2 protein chains.
Amino acid sequence: MRIGELSRRTGVPVPTIKYYVREGLLPPGQLTSPNQAAYGETHERRLRLIRALLDVGGLKVAEIADVLAAVDDPERPLHKVLGAAAERFGTAESEHDDAESAAAHAVVTDLISRRGWRTHESNPAADDVSKALAAMARLGHGDFVEVLDDYADAAEQVARADLAYVNRRVAVEDMVEGVVIGTVLGEAVFSALRRLAHVDASAKLYGADGPPERKPKA
Amino acid sequence: MRIGELSRRTGVPVPTIKYYVREGLLPPGQLTSPNQAAYGETHERRLRLIRALLDVGGLKVAEIADVLAAVDDPERPLHKVLGAAAERFGTAESEHDDAESAAAHAVVTDLISRRGWRTHESNPAADDVSKALAAMARLGHGDFVEVLDDYADAAEQVARADLAYVNRRVAVEDMVEGVVIGTVLGEAVFSALRRLAHVDASAKLYGADGPPERKPKA
């Protein structure tokens with residue numbers, strides 16, 4: 001199909017499609033004349049994936065380029081692809097070297113060993129948990145660690161559901177795209193469900209009157 | 001304290017502190033002479049909150065300004081503050097008007113009613129769930145809805161833990177900052193825990209050999 005048809009089918013403006021091609025996110029069409037290129041189903045599908053990662057997943061164009069490069073490289077092991085897809089959720093914060101960091105590291109090491117998770121503390125995600133907990137502790141929220149096991153229970157349940165979903169699809173198609181979609185869009189789904197569940201939990205905890213009045217600032 | 005001391009205590013460079021003051025994120029210090037200002041504990045605390053939202057929460061400066069304005073306005077009801085804090089997780093995608101959107105909306109309405117959640121489908125978070133599900137369906141992942149109840153179970157558990165945590169702190173301090181920290185940093189904690197749990201679930205599902213070989217692209 002021509003680029004105009006691709007644009008109509010996906011709702012992505014023609015200049016935007018050309019921009020994605022220039023940035024290497026979308027392979028160029030097949031040239032049919034010096035000024036015309038033909039696009040196929042794979043372009044349409046890739047374009048939808050780009051838009052979903054951008055609009056729903058909240059990834060930046062450069063991050064999408066990394067994720068798609070991983071998807072397109074059959075030599076790249078699956079967990080590296082997952083890593084690239086999950087990278088945007090990583091923190092950019094440089095490591096602090098203080099008591100809060102040390103305590104948070106110890107909490108995470110203990111959590112992993114206590115739950116028997118077959119991963120280890122050198123996993124970048126473990127670092128991200130530590131960094132977030134240390135940042136909370138520096139804000140006087142060190143006791144957030146008390147809810148960590150509730151979070152871990154929930155994370156295990158989501159991870160089991162994710163893996164079962166991906167595994168079911170292995171027979172159907174290349175698993176890698178499924179992992180990317182599940183990781184990035186699944187994150188968006190969970191985040192929104194958590195916000196909905198907050199409203200419900202708040203109604204159950206505080207009743208119809210809502211939470212107590214805000215206390216004036218000291 | 002002088003700005004240099006504030007910088008040393010928080011690890012934030014002096015020009016960055018001045019930038020936050022110009023952008024209205026941080027209140028100016030008390031002028032002690034035409035060229036010198038004194039900063040206090042509240043500045044130090046606010047600065048740590050800004051850095052945590054920025055570095056760990058991944059919010060942009062403009063988003064932090066919105067969240068802090070909500071925190072500082074005692075007239076603003078709690079759920080509006082939560083809304084501002086959660087806003088960054090919302091999707092920017094414009095509403096599609098297609099079969100996938102209609103089906104996703106129906107799924108979310110059904111989910112809310114089936115689980116007895118005291119919220120309704122006009123909640124922006126409900127829209128975000130629909131949009132993510134519709135984007136997945138357009139990518140051929142319509143059957144992701146099959147794991148939605150597992151996600152909802154986990155979201156309920158996290159929301160209960162969050163509310164119990166916030167509620168426990170009501171006596172201690174202004175609740176609002178706690179809600180902001182819990183929403184934004186709690187999100188970062190959960191996201192990283194989910195990635196850790198993926199590694200564990202993958203090891204349990206596929207054993208030590210890892211997932212099956214990637215199939216070559218068609």
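As the structure is a prediction and not an experimental result, all values here were calculated from the model.

**Student:** In this structure, what is going on with the pattern of salt bridges? I would like to understand it.
**Tutor:** Any two side chains of opposite charge can pair, so long as their charged atoms come close to each other. Applying the stated criterion across every chain yields a total of 28 salt bridges over all chains. Across the salt bridge formed by A:R9 and A:E44, the nearest N and O atoms sit 2.9 Å from each other. With A:R9 in helix α1 (residues 3-10) and A:E44 in helix α3 (residues 41-56), this pair connects stretches of sequence that are 35 residues apart. A:R9 sits in the partly exposed class, given a relative accessible area of 41%. When its relative accessible area of 10% is taken as the criterion, A:E44 is described as buried. The closest approach of N and O atoms between B:R48 and B:E44, which form a salt bridge, is 3.0 Å. Here B:R48 and its partner B:E44 are both found in helix α3 (residues 41-56), four residues apart, which amounts to about one turn of the helix. Each of A:D110, A:R114, A:R115, A:D149, A:D153, A:E156 and A:R160 takes part in a single network of salt bridges with overlapping partners.

**Student:** In this structure, what is going on with the packing of α3(B) against helix α4 (residues 61-72) of chain B? I would like to understand it.
**Tutor:** For any two helices packed against each other, the geometry is given by the interaxial angle and the distance between the axes. All names here are of chain B. Running from amino to carboxyl end, α3 crosses α4 at an angle of 135°, the nearest separation of the two axes being 10 Å. Compared by their axis directions, α3 and α4 come out oblique. By crossing handedness, the relation of α3 to α4 is classed as right-handed. Taken together, the residues of α4 that come into contact with α3 (itself represented by R46, L49, I50, L53 and L54) are V61, I64, V67, L68, V71 and D72. In terms of residue class, the contact of α3 with α4 is made up of nine nonpolar, no polar and two charged.

**Student:** For this particular structure, what's the right way to read the nonpolar core?
**Tutor:** A:L185, A:V189, A:L193, B:L185, B:V189 and B:L193 are the most contacted members of the largest nonpolar core, which totals 118 residues. If we skip the residues at most four places from it in the chain, A:L193 touches B:L111, B:W117, B:V129, B:L148, B:Y151, B:A152 and B:A155.

**Student:** Just checking my understanding: could you explain the environment of A:R51 for this structure?
**Tutor:** All names here are of chain A. Counting through the fold element by element, R51 comes out in helix α3. For R51, a relative accessible area of 24% puts it in the partly exposed group. For the pair formed by R51 and I64, sequence separation is 13 residues and the distance between their alpha carbons is 9.8 Å. Sequence-distant contacts of R51, defined by excluding residues within four places in its chain, comprise V12, T16, Y20 and V56.

**Student:** In this structure, what is going on with helix α7 (residues 124-138) of chain A? I would like to understand it.
**Tutor:** Residue pairs spaced three or four apart in an α-helix point in one direction, given the helix's 3.6 residues per turn. All names here are of chain A. Compared with the 21 Å implied by 1.5 Å per residue over 15 residues, the 21 Å span of α7 between its first and last C-alpha is a close match. Burial runs high along α7: 12 of the 15 residues are buried. If you check which residues of α7 are buried, you get A125, A126, D128, V129, S130, K131, A132, L133, A134, A135, M136 and R138. Immediately beyond the C-terminal end of α7, within one or two residues, lies G140, with a positive phi of roughly 80°.

**Student:** Please clarify how α3(A) should be interpreted in this entry.
**Tutor:** With 16 residues, α3(A) extends 22 Å between its outermost C-alpha atoms, agreeing within 8% with the 22 Å of an ideal straight helix rising 1.5 Å per residue. Turning to α3(A), its buried residues number three or more, namely A:H43, A:E44, A:R46, A:L47, A:L49, A:I50, A:A52, A:L53, A:D55 and A:V56.

**Student:** Explanation requested: the pairing of strand β1 (residues 30-33) of chain A in the structure shown.
**Tutor:** The two faces of the sheet receive side chains in turn, since in a regular strand these alternate between them. Relative to strand β2 (residues 36-38) of chain A, β1(A) is paired through three bridges, and the arrangement is antiparallel. Looking across to β2(A), one finds that A:S33 is bridged to A:Q36.

Scoring rules and cut-offs
- Residues numbered from 1 in each chain as written.
- Chains lettered and ligands numbered in written order.
- Predicted model: local features only at pLDDT ≥ 70, side-chain atom pairs only at ≥ 80, totals over all residues.
- Heavy atoms only, no water.
- Salt bridge = Lys/Arg side-chain N within 4 Å of Asp/Glu carboxyl O.
- Helix = DSSP H or I, 4+ residues; strand = E, 2+ residues; numbered from the N terminus.
- Buried < 20%, exposed > 50% of the residue type's maximum accessible area, 1.4 Å probe, protein only.
- Axes fitted to C-alpha atoms, helices over the stretch in contact; angles between N-to-C directions.
- Parallel < 35°, antiparallel > 145°, perpendicular 65-115°, else oblique.
- Left-handed = near helix turned anticlockwise from the far one by under 90°.
- Contact = heavy atoms within 4.5 Å.
- Nonpolar A, V, L, I, M, F, W, Y, C, P; charged D, E, K, R; others polar.
- Core = buried A, V, L, I, M, F, W, Y, C linked by side-chain atoms within 4.5 Å.
- Expected span 1.5 Å × (residues − 1).
- Pairing = 2+ DSSP bridges.

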